[in-house]
Amino acid sequence: MNALGFPILSLMLAVPLVAAAYVLFIPGDEEMRARNARMTALLATLVDFALGLWLWAAFDSSTAAFQYQEQLDLFAPWFSWKLGIDGIALMLIQLSTFLMPICILASWRSIGKRVPEYMAAFLLMETLMIGVFAAQDLFLFYIFFEAGLIPMYLIIGIWGGARRIYASYKFFLYTLLGSVLMLIAMLWMARTAGTTDIPTLMAYDFAPKAQTWLFLAFFASFAVKMPMWPVHTWLPDAHVEAPTAGSVILAGVLLKMGGYGFIRFSLPMFPEASAQLMWLVFGLSMVAVIYTSLVALVQTDMKKLIAYSSVAHMAFVTIGLFAFNRQGIEGALIVMLSHGLVSAALFLCVGVIYDRLHTREIARYGGLSDNMPRYALLFLFFTMASVGLPGTSGFVGEFLVLVGAYEAHSWLAFVATTGIILGAAYMLYLYRRVAYGALDKPDVAAMQDLSSREMWLLAPIAAVVLWMGVYPESFLKPMRVSVSSLLARIERAAPEGDARIVMGKPAAVPAQAEAHH
Amino acid sequence: MSPINSSLFLALPELILVAGSIAALLIGAFVGDRSLRVISWLSVGLLAAAGLSLGCASGLGYEGLYVADGFSSFLKVVIYAAAAISILMALPYLERTKAGRFEYPILLTFGAAGMSVMVSATDMLTLYVGLELQSLAAYVLAAFHRGETRSSEAGLKYFVLGALASGILLYGISLVYGFTGTTQFGQIAEALASGTSALGVMFGITFVLAGLAFKISAVPFHMWTPDVYEGAPTPVAAFFSAAPKVAAMGLLLRVTLGAFGDAAGDWRQIVIFASLASIVLGALGAIGQSNIKRLLAYSSINNVGFALIGLAAGNPEGAAAVLFYMVVYAAMTLGAFLCVLQMRDADGRAVETLASLSGLSRSRPGLAAAFAIFMFSLAGIPPLFGFWPKFLVFDAAVAAGLLPLAVIGIAASVIGAFYYLKVIKMIYFDEPAPLFAPADSRLNLGLIALTAAFVSPLGYLSITPLSAATAAAVKALF
């Protein structure tokens, strides 16, 4: 079993699932069912959060081996129920379990209709997210990865905004099309390598030629999920139409599945192809950094602006991952965690004022720092974290990525840094329009400052963002050995960067001049 | 035991069904339509008895015309189960629509006997006799609402096109017979292995495949499906979409892999074309439909296309995958039709428009959830069980090196997902339409729950036993 003596990962999967079934079937009138559903969901997500912390506390940071492993040959001869985590998965599970109670609390009042179904969808989502990060079997991973589409489709479609149906279709079909090719690649891999066990596959050397195709098939899936330019167009629609908590989960965790996929599959399983197709990843990422930042600059809808900023931030993740060095990969991981927190918080900030004025139009706001000082302070903090101000988590991640990118390619670092400047531009411009200026609209002036529930949503995220910015070692430590083993695995394919220090030749002393003297 | 006795003993399931049905027919003739309920349960009993008698004997009988092996037994279990569900689900419907004639369960049982003969056939003529026995019952069933134009039209259409398909099949059989000198599967295979006159046999194979493609409603012989499903009474459409498809697919496996196994290179391209065309056309055709039964008809075309991928692979994995596919598909489609049977307006009349499903999740959350499970499952979205047979056929295709087929097939599955999503959108996202009448049968609700549980993630627990069963069944073919 594992060090704890009981299957803690299965338990973490089961708790939300059981809670979801319970909230769907509790009897009573509508009012009572809604209240029960909220309480049950909060309780279940808090229990999972506690279990997650336990996981972290008992985690052994000195080994790259997968921990808390459990295996049950439930689906022999095809695949098995095999779970286990390394440091990278551990941190992403922390992120998921940390954000879930916040999502439930964020929906406490704003969701009034069909509450039990809503809570069940979120709880199911939590099970599937943890499952994705904990799965140790290729097909188990695929099932969790794909299954997440169903609850998210329902969340956007039922509780979303005006164009929710279009957005839900687009989200579902886009991500499905990306993923199905990955399934064919997985089938081929399982046949060729004769196993579906992810750790074994991570050490299996596929022929370089096959790697290219496999890489592209996986890339189709993860690039859509990430999302990378030019297949990012589902994201702004999905974000704008999803309810606040849906956006939080989408930006906070679901986008990280793409990055996780690159780390878990693309890099270790196809190192040669990763090096070979590095230009593709870098090219798309560079376009994304500049292009989506510029698009974000002209948005009039707050959620859309943050959605585009997500695409730009995710491009930093891909740049870091494919830099083939420690700074790049660790930076990418921190960007993933940091973006998970910061974009989630920003969506919550939008949700706070949306709940009051029911519009996401930036121009409808202005001067909020006068009547909502606490809100303005927290919003400023998260804006700064998104920009990458030193002292916040954003800085740590982006700085590491830039260092890594510079080692890989100097132009890459140049373009990426430009993206940071543009990032500062659109975020500060957003903040100026919302929080500063004259408080001249009567309905805006009438808005109340943060309630204590809303404080409870934002304050913990702010604390963690600050913690990650000041002492990132707490978060890097569990991941370090895993990153080392990944680096050892991909080292053989790592391309030469253009920014390496090379020994110069001593300049030839002009002989004639010597003789003259 | 003398040869004739042992042969009769081999065909015990069919004998039980036929003799029992004739007895039931007599009861019906004397008692009248009051006996519908009794005869229905009696027919279910007959099917159960036939199923239980499967284990009694195995081997080749009737001088090589008929075989009872693992393959036929497996398919017969599925066919009998699907037929029994089709009989039971029709009871409240028949009683309500005043069309409650006692012939319904009897015709179904005769049809099941025909299918039973089909999957046990080892000779082209046995095949034809089984197919016709099944088809004759089916033609009458399609026109069961004799007072209704739609139903009569469905029956007539099915009959004319079915007769045409039978003609094509017979023509193919005669060509095969002419060029190989035999109608027995084993001897055809031997003749092909020794390399006799490939071109003539090739024509024969093509015609035989065309005739069988009609029965499984694979493109380009699918045109009858939407019209017949729409016109036929809903339980009959449910029956058509499940048991005969399973039987015809089994037959197709035995003919292609058994009799024509050595000409795999020749028929494979036909199967690949039919498969991809069915997937794409089934998906595209369904998009514009506004009638749920027509939509499910296109869905069955689409799903048959996926099952054919397993056949195209032509290996034991592929054949096992097809069997697995048909089991899960039968459960999904029966479940979906059971849900359709629940669609009745306040006066109890059946409604079939997609629009009437709007907002079902608020008036009948349980039914809506079941509907959603069946739709996501038919679309093959994990973690629902409909994903697994698709996984298996694609795995078989990859194992056989048919990567382009697998890639195109799976990419086309995304088109199919669109219209299943449309149904779920109606049920969950739209504003409620007028309420449906309350459920009229505990039995049907139980059947919905049962099939929904099977295609839900719980179904994954059946992977190990079902994989073993399908693998054992196809051993008889290779």
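Residues numbered from 1 in each chain as written. Chains lettered and ligands numbered in written order. Predicted model: local features only at pLDDT ≥ 70, side-chain atom pairs only at ≥ 80, totals over all residues. Heavy atoms only, no water.

**Let's talk about the overall build of chain B**
Line of reasoning, step 1. The helix and strand tally for chain B stands at 20 helices and two strands.
Line of reasoning, step 2. Over its C-alpha trace chain B gives a radius of gyration of 21 Å, about what one expects of a compact globule, namely 23 Å for 478 residues.
Line of reasoning, step 3. Seen through its C-alpha atoms, chain B measures out along the principal axes to roughly 65 × 55 × 40 Å.
Line of reasoning, step 4. Sorting the 478 residues of chain B into buried and exposed places 65% on the buried side. (Helix = DSSP H or I, 4+ residues; strand = E, 2+ residues; numbered from the N terminus. Rg over C-alpha atoms; globule rule 2.2 N^0.38 Å. Buried < 20%, exposed > 50% of the residue type's maximum accessible area, 1.4 Å probe, protein only.)

**Some points on the overall build of chain A**
Line of reasoning, step 1. Each helix and strand counted, chain A has 23 helices and two strands in total.
Line of reasoning, step 2. Over its C-alpha trace chain A gives a radius of gyration of 24 Å, about what one expects of a compact globule, namely 24 Å for 517 residues.
Line of reasoning, step 3. By its C-alpha atoms, chain A is 100 × 65 × 40 Å across when sized along the principal axes.
Line of reasoning, step 4. Taking all 517 residues of chain A together, the buried fraction comes to 64%.
Line of reasoning, step 5. For chain A, the proportion of contacts with a sequence separation of at least 24, taken over those separated by at least 6, is 82%.
Line of reasoning, step 6. When the accessible surface of chain A is summed, it comes to about 18,400 Å², and 67% of that surface belongs to carbon and sulfur atoms. (Contact = heavy atoms within 4.5 Å. Areas by Shrake-Rupley, 256 points an atom, 1.4 Å probe, with all protein chains shown as cover.)

**Section: the environment of V38 of chain B**
Line of reasoning, step 1. Secondary-structure assignment places V38 of chain B in helix α3 (residues 36-52).
Line of reasoning, step 2. As for V38 of chain B and V246 of chain B, which are separated by 208 residues in sequence, their C-alpha atoms are 27 Å apart.

**Focus on the state of the cysteines**
All names here are of chain A.
Line of reasoning, step 1. Tallying each qualifying case throughout the model produces zero disulfides over all chains.
Line of reasoning, step 2. Not engaged in a disulfide, the cysteine C103 finds its nearest cysteine sulfur in C349; these two sulfurs lie 14 Å apart.
Line of reasoning, step 3. Judged by relative accessible area, which is 0%, C103 ranks as buried. (Disulfide = S-S within 2.5 Å.)

**What about the pattern of salt bridges?**
Two side chains with opposite charge may pair up if their charged atoms get near one another.
Line of reasoning, step 1. Evaluated as defined, the whole model comprises 29 salt bridges over all chains.
Line of reasoning, step 2. Between D395 of chain B and R191 of chain A there is a salt bridge, with its nearest N and O atoms 2.7 Å apart. Taken together, the residues span two chains, with D395 of chain B in helix α17 (residues 387-399) and R191 of chain A in helix α7 (residues 164-193).
Line of reasoning, step 3. With relative accessibility at 5%, the residue D395 of chain B sits in the buried group.
Line of reasoning, step 4. Owing to a relative accessible area of 35%, R191 of chain A belongs among the partly exposed residues under this scheme. (Salt bridge = Lys/Arg side-chain N within 4 Å of Asp/Glu carboxyl O.)

**Quick word on the packing of aromatic side chains**
Line of reasoning, step 1. Within the structure shown, the criterion is met by 65 aromatic pairs over all chains.
Line of reasoning, step 2. Judged by centre distance (4.8 Å) and plane angle (15 degrees), the ring pair of Y158 of chain B and W224 of chain B falls under stacked. On the criterion of sequence distance, the pair formed by Y158 of chain B in helix α7 (residues 149-180) and W224 of chain B in helix α10 (residues 224-231) is long-range, its members being 66 residues apart.
Line of reasoning, step 3. Accessibility expressed as a relative area gives 2% for W224 of chain B, which makes it buried.
Line of reasoning, step 4. Taking NZ or CZ as reference, R433 of chain A lies 3.8 Å from the ring centre of Y429 of chain A, over its face.
Line of reasoning, step 5. Above the face of the F144 of chain B ring, R101 of chain B is positioned so that its terminal group lies 4.6 Å from the ring centre. (Phe/Tyr/Trp six-rings, centres within 6.5 Å; stacked < 30°, edge-to-face > 60°. Lys NZ or Arg CZ within 6 Å of the ring centre and 35° of its normal.)

**Here we look at the confidence of the model for chain A**
Line of reasoning, step 1. Confidence along chain A averages 88 in pLDDT terms, with 97% of residues attaining 70 or more.
Line of reasoning, step 2. The lowest-confidence element of chain A is helix α23 (residues 511-516) of chain A, averaging 57 in pLDDT; the highest-confidence one is helix α5 (residues 138-147) of chain A, averaging 92. (pLDDT = per-residue confidence, 0-100.)

**Some remarks on the interface of chain B and chain A**
Interface size, as often reported, equals the accessible area lost upon joining of the parts.
Line of reasoning, step 1. Each partner contributes residues to the interface: chain B has 37 residues there, and chain A has 32 residues.
Line of reasoning, step 2. In total, about 3,300 Å² of surface goes out of reach between chain B and chain A, with carbon and sulfur atoms giving 80% of it.
Line of reasoning, step 3. On inspection of chain B and its partner chain A, the count reaches two salt bridges.
Line of reasoning, step 4. Taken together, the elements giving at least two residues each to the side of chain B that touches chain A come down to α15 (360-363), α17, α18 (403-429) and α20 (463-474) of chain B.
Line of reasoning, step 5. No other element matches α18 of chain B, which puts 15 residues into the side of chain B that touches chain A. (Buried area = accessible area lost by both parts, 1.4 Å probe.)

**Describing helix α6 (residues 149-159) of chain A**
Line of reasoning, step 1. Among the eleven residues of α6 of chain A, eleven are classified as buried, and the element is accordingly described as predominantly covered.
Line of reasoning, step 2. Buried residues of α6 of chain A: L149, I150, P151, M152, Y153, L154, I155, I156, G157, I158 and W159 of chain A, and no others.

**Some points on unusual backbone geometry**
All names here are of chain A.
Line of reasoning, step 1. Across the junction of M226 and P227, the peptide omega takes the value -10 degrees, indicating a cis bond.
Line of reasoning, step 2. Mapped onto the secondary structure, P227 falls in the loop between α9 (208-225) and α10 (234-241).
Line of reasoning, step 3. In this model, W229 is joined to P230 through a cis peptide bond whose omega is 5 degrees.
Line of reasoning, step 4. Checked against the element boundaries, P230 lands in the loop between α9 and α10.
Line of reasoning, step 5. Within the chain, R114 stands out as a residue other than glycine whose phi angle is a positive 50 degrees.
Line of reasoning, step 6. Of note in the backbone geometry, H358 takes a positive phi value of approximately 55 degrees without being a glycine.
Line of reasoning, step 7. Position of H358 relative to the elements: it lies in the loop between α15 (326-357) and α16 (368-371).
Line of reasoning, step 8. A residue is classified by how much of its surface remains accessible, and H358, at 56% relative accessible area, is exposed.

**Comments concerning the confidence of the model for chain B**
Line of reasoning, step 1. Mean pLDDT for chain B: 89, with 99% of residues reaching 70 or above.
Line of reasoning, step 2. Element-level pLDDT for chain B is lowest in α15 of chain B, with a mean of 82, against a maximum mean of 93 in helix α5 (residues 103-120) of chain B.

**Examining the packing of helix α14 (residues 316-341) of chain B against α17 of chain B**
All names here are of chain B.
Line of reasoning, step 1. Closest axis-to-axis distance for the α14/α17 pair is 8 Å, and the angle between their directions is 165 degrees. The angle between α14 and α17 places the two elements in the roughly antiparallel class. Read as a crossing pair, α14 and α17 show a hand that is left-handed. Here E317, G318, A321, F324, Y325 and V328 of α14 come into contact with α17, specifically with W388, P389, K390, L392, V393, A396 and A399. (Axes fitted to C-alpha atoms, helices over the stretch in contact; angles between N-to-C directions. Parallel < 35°, antiparallel > 145°, perpendicular 65-115°, else oblique. Left-handed = near helix turned anticlockwise from the far one by under 90°.)

**A closer look at the pairing of strand β1 (residues 67-75) of chain A**
Residues and elements named next belong to chain A.
Line of reasoning, step 1. Pairing of β1 with strand β2 (residues 79-85), which is carried by five bridges, proceeds in the antiparallel orientation. Note that in β2 the partner of E70 across the bridge is L83.
Line of reasoning, step 2. Hairpin geometry of β1 and β2 is characterised by an intervening segment of three residues between the two adjacent antiparallel strands. (Pairing = 2+ DSSP bridges.)

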